[in-house]
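Topology and contacts: notes
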Amino acid sequence: MALNLADVAAAARRRLDPVHWDFFAGGAGDERTLRANEAAFARRFLLPRVLRATGDRDLRTSLLGSQVSMPVLVAPTAFHRLAHPDGEVATARAAAGAGTVMVVSMAATRPVERIAAAGGTLWFQLYPHTDLEFTTTVVRRAVAAGCRALVVTVDSPVFGRRERDLRHGFVDLPPGMVCENMRDADGRVRDIEMNARVGWELVAVLRRLTTVPILLKGVLHPEDARLAVEHGVDGVVVSNHGGRQLDGVTATLDALPAVVAAVGGRLPVLVDGGLRRGVDVLVALALGATAVLVGRPVLWGLAAGGAAGVRHVLDLLRADLDRALALVGAARPGDLSADLVTVGAPA
Ligand SMILES: Cc1cc2nc3c(=O)[nH]c(=O)nc-3n(C[C@H](O)[C@H](O)[C@H](O)COP(=O)(O)O)c2cc1C
Ligand SMILES: O=C(O)C(=O)c1ccccc1
């Protein structure tokens, strides 16, 4: 049995086609940012409080109208059928069982209606396409299927350069797999488009399309966090796309405090990138995140054991976070504060 997420990753690696392992595991350029995300957590140490009589911990969190059993969500990741034949349906079943939100990628390989049939709370991730009519079709479909928020990825005006994929010549899904939610009004499957022409007017455009909460994913600069508040978005996700877009971008944990300060409590601030332990979740929450998302660990669980594998990953993180909370003297995520975190040399 896998004792931690590194064990799950090792099991996934044994099962996956090396080309697909590299697609999931890899990052842009020299992968400095990919490594920096995890390294940033390794530099943080804790200064626990004692005799806090926490009793049983309560990990429940409310996020933009969605209730979660813990502040750990499933990040949107492409192509789950490369990891397991059930694809996103298995991931959704696990997220539902664990009582958390799955953010369905626009590049999902199962139809959002079938993913929704798994029963849990879904949010939908959107790459803002230049074709507004197409964007409208996709958003309406996702919301009709039951998705409760829109997570708009804003760190991808162009595709990052992923050299592992270039070396393998991995460019497209195998025959029989498509991005099922990329169908236009005529039923044709469109390609995912990266849009370098879109600006802040996007927020108002999306607001007119839907009433569900809108989050911007990929905010790192505090000035953009301020602009996000000004434009009336409902939440931001501090993310560098798991180091897959611009190599050399700061670790997300290092960007988090300034974004939290800029937002000043006006919106929930989520963060993803490099979280592999409950303590990592605790550190992110202590530095001001409302919740975190995990990307690759979910894919490793899916490859290693389908829905049960993903569930195991989420359960490991929950147990680990619960224990860490008790050991720093916090009864609930809201009791955490930045004074519990110090910076030191990585162990
Ligand atoms: C294989 C893979 C595919 C991804 N696909 C998407 C995507 O379709 N849309 C998106 O907004 N982010 C995508 N991401 C980024 C994740 O949402 C998330 O930001 C990142 O994986 C978090 O870092 P972690 O993997 O270290 O947890 C992808 C990441 C990976 C690893
Ligand atoms: O966003 C990604 O990281 C990603 O890998 C991807 C791949 C194909 C389509 C959309 C996203």
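Everything numeric here is computed off the predicted structure, so don't read it as measured data.

Once that is clear, we can look at the overall build of the protein chain. Across its full length, the protein chain carries 12 helices and 12 strands. The C-alpha radius of gyration computed for the protein chain amounts to 19 Å, which stays within 12% of the reference 20 Å derived for 347 residues, consistent with globular compactness. When its C-alpha atoms are laid out on the principal axes, the protein chain stretches across 65 × 45 × 40 Å. Looking at the protein chain as a whole, 51% of its 347 residues are labelled buried. Counting only contacts in the protein chain whose residues sit at least 6 apart along the sequence, the fraction spanning at least 24 positions is 74%.

Turning to the UniProt feature "domain: FMN hydroxy acid dehydrogenase" (unreviewed entry) in the protein chain, a few remarks are in order. Here, the residues flagged by UniProt with the feature "domain: FMN hydroxy acid dehydrogenase" (unreviewed entry) are residues 1–346. Here residues 1–346 is 40% helix and 12% strand, with 28 Å between the C-alpha atoms at its ends.

The positions that UniProt labels "binding site: glyoxylate" (unreviewed entry) are, in the present scheme, Tyr127, Arg162, His241 and Arg244. Residue placement: Tyr127 occurs in the loop between β6 (122–126) and α6 (132–145). With residues near it in sequence (within four places) discarded, Tyr127 still touches Met106, Thr153, Ser156, Ile192, Glu193 and Met194. When you line up the elements, His241 lands in the loop between β9 (235–238) and α10 (252–263). On the neighbour-count criterion, His241 (23 C-beta atoms within 10 Å) is buried. Every residue in contact with His241, bar those within four places of it in the chain, is listed here: Asp155, Ser156, Gly160 and Gly218.

Right, let's talk about the packing of helix α1 (residues 5–15) against helix α12 (residues 296–328) for a bit. As a packed pair, α1 and α12 sit with axes 10 Å apart at the nearest point and diverge in direction by 165°. Classified by the interaxial angle, the pair formed by α1 and α12 is roughly antiparallel. By crossing handedness, the relation of α1 to α12 is classed as right-handed. Only Pro297, Trp300, Gly301, Ala303, Ala304, Gly309, His312, Val313 and Leu316 of α12 make contact with α1, whose side of the interface consists of Leu5, Val8, Ala9, Ala11, Ala12 and Arg15. Its residues assigned to classes, the contact of α1 with α12 comprises 11 nonpolar, 3 polar and 1 charged.

This part is about the confidence of the model for the protein chain. With 100% of its residues at a pLDDT of 70 or more, the protein chain shows a mean pLDDT of 98. Taken over the whole predicted complex, pTM reads 0.99, whereas the ipTM for its chain interfaces reads 0.99.

Once that is clear, we can look at the nonpolar core. With 111 residues, the main nonpolar core has Val236, Val259, Leu282, Ala284 and Val292 as its most contacted residues. Ala284 has contacts with Leu253, Leu256, Val271, Leu275, Ala289 and Val292, leaving out every residue within four places of it along the chain.

Attention now goes to the pairing of β6. Each regular strand shows side chains that alternate between the opposite faces of the sheet. Taking burial as the measure, the 5 residues of β6 include 5 buried ones, the bulk of the element. Going residue by residue along β6, you find Leu122, Phe124 and Leu126 tucked away on one face and Trp123 and Gln125 tucked away on the opposite face as well. Inspection of the sheet shows strand β5 (residues 102–104) paired to β6 by 3 bridges, in the parallel sense. Paired with Met102 across the two strands is Leu122, which belongs to β6. Where β6 and strand β7 (residues 150–153) come together, 3 bridges link them in parallel fashion. What sits directly across from Gln125, in β7, is Val151. Taken together, β6, α6 and β7 constitute a β-α-β crossover, and its handedness is right-handed.

With that settled, the discussion passes to the environment of Val152. If you trace the backbone, Val152 turns up in strand β7. Between the C-alpha atoms of Val152 and Leu202, which are 50 residues apart in sequence, the distance is 9.7 Å. Those residues within four positions of Val152 in sequence are excluded, and the remaining contacts are Leu126, Pro128, Leu206, Ile214, Leu215, Leu216 and Lys217.

Surrounding ligand 1, one finds 22 residues, the nearest of these being Ala75, Ser105, Gly242, Gly295 and Arg296. Taken together, the residues that form the shell around ligand 1 break down as 7 nonpolar, 11 polar and 4 charged.

A few words on helix α11 (residues 278–286). When you tally the buried positions in α11, you get 9 out of 9 residues, the bulk of the element. Turning to α11, its buried residues are Gly278, Val279, Asp280, Val281, Leu282, Val283, Ala284, Leu285 and Ala286. At the exit of α11 stands Gly288, carrying a positive phi of roughly 115°.

The next thing to look at is the packing of α11 against α12. Two elements in contact, α11 and α12, have axes separated by 7 Å at closest approach and are oriented at 60°. Viewed along their axes, α11 and α12 adopt a mutual orientation that is oblique. Note that α11 runs across α12; the crossing there is right-handed. Together, Gly278, Val279, Val281 and Leu282 of α11 and Leu317, Asp320, Leu321, Arg323, Ala324, Leu325 and Val328 of α12 make up the contact between the two elements. Residues belonging to the contact of α11 with α12 are distributed by class as follows: 8 nonpolar, 1 polar and 2 charged.

About the criteria used
- All chains use their own residue numbering, which begins from 1 and follows the written sequence.
- Chains and ligands are labelled sequentially in the order written, the chains with letters from A and the ligands with numbers from 1.
- Given that the model is predicted, a residue must reach a pLDDT of at least 70 before its local features are reported, and side-chain atom pairs must reach 80 or more before they are shown or counted; all residues, however, enter totals for whole chains, interfaces and linings.
- The numbering of helices and of strands both runs from the N terminus, where a helix is a DSSP run of H or I of at least 4 residues and a strand a run of E of at least 2.
- C-alpha atoms define the radius of gyration, and 2.2 Å times the number of residues to the power 0.38 defines the globule rule.
- Buried means a residue has 20 or more other C-beta atoms within 10 Å of its own C-beta, exposed means 12 or fewer, and partly exposed covers the counts in between; C-beta atoms are placed from the backbone.
- A pair of residues counts as a contact when their C-beta atoms, built from backbone coordinates, are separated by no more than 7 Å.
- UniProt positions are given in the numbering used here, feature names are shortened, and annotations may be inferred rather than shown by experiment.
- The convention used is that axes are lines fitted to C-alpha atoms, helices contributing only their stretch in contact, and that angles between N-to-C directions extend from 0 to 180 degrees.
- Throughout this description, any angle smaller than 35 degrees is read as roughly parallel, any larger than 145 degrees as roughly antiparallel, any in the 65 to 115 degree range as roughly perpendicular, and the remainder as oblique.
- Crossing handedness is defined as follows: a turn of the near helix away from the far one that is anticlockwise and smaller than a right angle gives a left-handed crossing, while the clockwise case is right-handed.
- Just so you know the grouping, Ala, Val, Leu, Ile, Met, Phe, Trp, Tyr, Cys and Pro go in nonpolar, Asp, Glu, Lys and Arg go in charged, and all remaining residues, Gly too, go in polar.
- What pLDDT conveys is the predictor's confidence in a given residue, as a value from 0 to 100.
- Residues enter a nonpolar core if they are buried, belong to Ala, Val, Leu, Ile, Met, Phe, Trp, Tyr or Cys, and are joined to the set through C-beta atoms within 7 Å.
- Pairing between strands is defined by DSSP: at least two bridges between them are needed.
- We call a crossover right-handed when, viewed with the strands running away from us, the connection from the first strand over the helix to the second turns clockwise.
- Any residue whose C-beta atom, as placed from the backbone, lies within 6 Å of a molecule or strand is termed near it.

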